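Breakdown of the fold
The chain contents come next:
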Amino acid sequence: MKKIVRFCLISLTLCFAFVSCASTKKAVSEEVVEQPEVAAPVEEVVNEKENNSFIGWIGVKGKDVDFSAGKVKLYGKTKLGTFNIYVVNSQNNEIPVFSVSNEFSSSGFFLKQGNKIYNLNKDANIEIFALKTDFGIKIAYSIPKVAEVVVNFECLKSLPMNDFDMVKISASVKNTSKNTNNFALKCVLDTVFGENKKYHFYTSNDVGIKNETLYRTMKNEKWFVSKNDNNAVQILLDGADITSPEVVVLANKLTFESNSWEPTVSSKKTFDNVLSYNDSAVCVIWPEKNLNQEASFTESFYLAVASDGAKTYGYDYILAKEKNLPMESTPVIVEPKKEVYAEPEPVKEDRFIPNVKFDVTTLSKEKFTQEYIQSLIDRISELEDDGANTNRTELLMLNAELDAILEVLRQ
């Protein structure tokens, strides 16, 4: 009974601590988030019929939007419907994650309806609108009598103690035609960080990639990183609420400009082309879906960025999300740690141990992770189950350490 009560208290404390962190996050976001764009004059906004459509908000037509939070800056050029993501380093310099050539137009989304393919940031007769949100930006593409596509860029934290360093990208498609149709989405990201290095990309297994590659599943690789000595972007394509792609291709950027939906690549071909040298990009294709009139679907994935030679923590976020940790948008890191238990201090008499104080200044940030706290709880439970054979010194020291961690979290 005592163990159950303690477990409940610990659970309540953790919930309280994470809710407090979430409140802190909200406060921080309020400092960096500007007020949403005021609706444009009547002649610049979506008409009344469109306001009741899937887009769901009055978009600002022709006005660029941007959003900055922590290490992330989002920028959308609404004249073309193009976008870019910047990583902000310690000198407050903004470094583009994707190519800036031709107003960011080498990155973007494609929609296929039946056999018809639409390049959303290049095709004519596509209406484009944009909006700044509380945590990022949205860009909407309206193809009359065909479909509406809304791409939402939302800034997140991979670790509660970090600045914003992640972006969740969700693209929603709604069938606005009068008939049932098949639709599919494709996204091309013209990466730049790895193009002057020996390997353009690295997999989750730290395998370097210098040739064009096609994947039919991301269950093994999980993610790719494009990086140089200073900056990195991690493209996360499996796990948690990420929608599984049908095909992922790493190839020269011009390979994705052909009229075919799925590009043809050779595993022996480098990222070179007669028109462009060392020009690599990522193409993500999701499975085709059949939509009735007014029906919709959403495809989602994540990006994590880092600067100043630091590593990205995007997959730690995904693992935490899969473990259903309380703080969905700001989970803690869940990496295995070599050091798990504190060394017990020698105590002459048991009666002095209950009053032992754990020095909180010795606690590193790794000890505030969900995994480390759980390891303490598990070890304490294991010792308590030993009964008369319990190592009481270790038990009380671990309890003291746990109490110290929880006290810091409460603050």
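Parameters at a glance
- Residues numbered from 1 in each chain as written.
- Predicted model: local features only at pLDDT ≥ 70, side-chain atom pairs only at ≥ 80, totals over all residues.
- Heavy atoms only, no water.
- Helix = DSSP H or I, 4+ residues; strand = E, 2+ residues; numbered from the N terminus.
- Buried < 20%, exposed > 50% of the residue type's maximum accessible area, 1.4 Å probe, protein only.
- Contact = heavy atoms within 4.5 Å.
- Areas by Shrake-Rupley, 256 points an atom, 1.4 Å probe, with all protein chains shown as cover.
- pLDDT = per-residue confidence, 0-100.
- Salt bridge = Lys/Arg side-chain N within 4 Å of Asp/Glu carboxyl O.
- Phe/Tyr/Trp six-rings, centres within 6.5 Å; stacked < 30°, edge-to-face > 60°.
- Polar contact = N/O pair within 3.5 Å; in protein donor to acceptor, adjacent residues only side chain to side chain.
- Core = buried A, V, L, I, M, F, W, Y, C linked by side-chain atoms within 4.5 Å.
- Pairing = 2+ DSSP bridges.
- Axes fitted to C-alpha atoms, helices over the stretch in contact; angles between N-to-C directions.

Examining the overall build of the protein chain
Looking only at helices and strands, the protein chain has six helices and 20 strands in total. Within the span of the protein chain, comprising 411 residues, buried residues form 50% of the whole. Counting only contacts in the protein chain whose residues sit at least 6 apart along the sequence, the fraction spanning at least 24 positions is 66%. Just so you have it, the protein chain exposes about 20100 Å², and 49% of that area is on carbon and sulfur atoms.

Side note on the confidence of the model for the protein chain
Of the residues in the protein chain, 70% have a pLDDT of 70 or more, and the chain-wide mean is 77. The low-confidence segment residues 15-54, where pLDDT is below 50, has 50 contacts with residues more than four positions distant or belonging to other chains. Segment residues 327-357 is flagged for pLDDT under 50; beyond a separation of four residues in sequence, or across chains, it makes 74 contacts in the model.

As for helix 4 (residues 314-322)
Those residues of helix 4 not exposed but buried are Gly-314, Asp-316, Tyr-317, Ile-318, Ala-320 and Lys-321. Here the buried face of helix 4 lies against strand 9 (147-156), strand 10 (166-175), strand 16 (232-236) and strand 20 (296-306). Remark: Asn-324 follows helix 4 within two positions and exhibits a positive phi of approximately 60 degrees.

Topic: the pattern of salt bridges
Applying the stated criterion to the full structure yields ten salt bridges. Of the charged contacts in the structure, one is a salt bridge between Glu-294 and Lys-174, with a shortest N-O distance of 2.7 Å. Note that Glu-294 is positioned in the loop between strand 19 (289-291) and strand 20 and Lys-174 in strand 10, a separation of 120 residues in sequence. Where salt bridges share partners, they join Lys-219, Lys-222 and Asp-238 into one cluster.

Here's the deal with the packing of aromatic side chains
Overall, the coordinates contain seven aromatic pairs when judged by the stated rule. Judged by centre distance (5.2 Å) and plane angle (50 degrees), the rings of Tyr-215 and Phe-224 are tilted. Each member of the pair, Tyr-215 as well as Phe-224, is classed as buried. Measuring from centroid to centroid gives 5.9 Å for Trp-286 and Phe-301, while their planes differ by 35 degrees, and the two rings are tilted.

Comments concerning the environment of Asn-182
As for its position among the elements, Asn-182 is in strand 11 (residues 181-189). Dropping the residues within four chain positions of it, Asn-182 is found in contact with Lys-112, Gln-113, Gly-114, Glu-288, Lys-289 and Asn-290. Only 2.8 Å separates the side chain of Asn-182 from the side chain of Asn-290, close enough to count as a polar contact.

Things to note about the nonpolar core
Counting residues in each nonpolar core, the largest one holds 68 residues, and the members touching the most others are Phe-109 and Phe-301. In this view, Phe-301 contacts Phe-109, Val-167, Lys-168, Ile-169, Cys-187, Leu-189, Ile-235, Leu-236, Leu-237, Ile-242 and Trp-286; residues no more than four positions away in its chain are not counted. Listed in part, the twelve residues of the second largest apolar core include Ile-373, Ile-377, Leu-398 and Ile-405.

Quick notes on the side chain of Asn-84
As for its placement among the helices and strands, Asn-84 is situated in strand 3 (residues 82-88). A distance of 3.4 Å separates a polar atom in the side chain of Asn-84 from the backbone oxygen of Ser-99. Sequence-distant contacts of Asn-84, defined by excluding residues within four places in its chain, comprise Lys-73, Leu-74, Tyr-75, Pro-96, Val-97, Phe-98, Ser-99, Val-100 and Phe-104.

Regarding the sheet that holds strand 13 (residues 208-209)
Reading across from one edge, 7-8-9-10-20-16-15-12-13 is the order of the nine strands in this open sheet, with antiparallel pairing throughout. Every interior strand has two partners, whereas the edge strands, strand 7 (127-132) and strand 13, have only one. Examined bridge by bridge, strand 12 (residues 201-203) and strand 15 (residues 223-227) share two bridges and lie antiparallel to one another. Across the sheet, residue Tyr-202 finds its bridge partner in strand 15, namely Val-225. Docked against the sheet, helix 4 engages strand 9, strand 10, strand 15, strand 16 and strand 20, running at close to 30 degrees with respect to strand 16.

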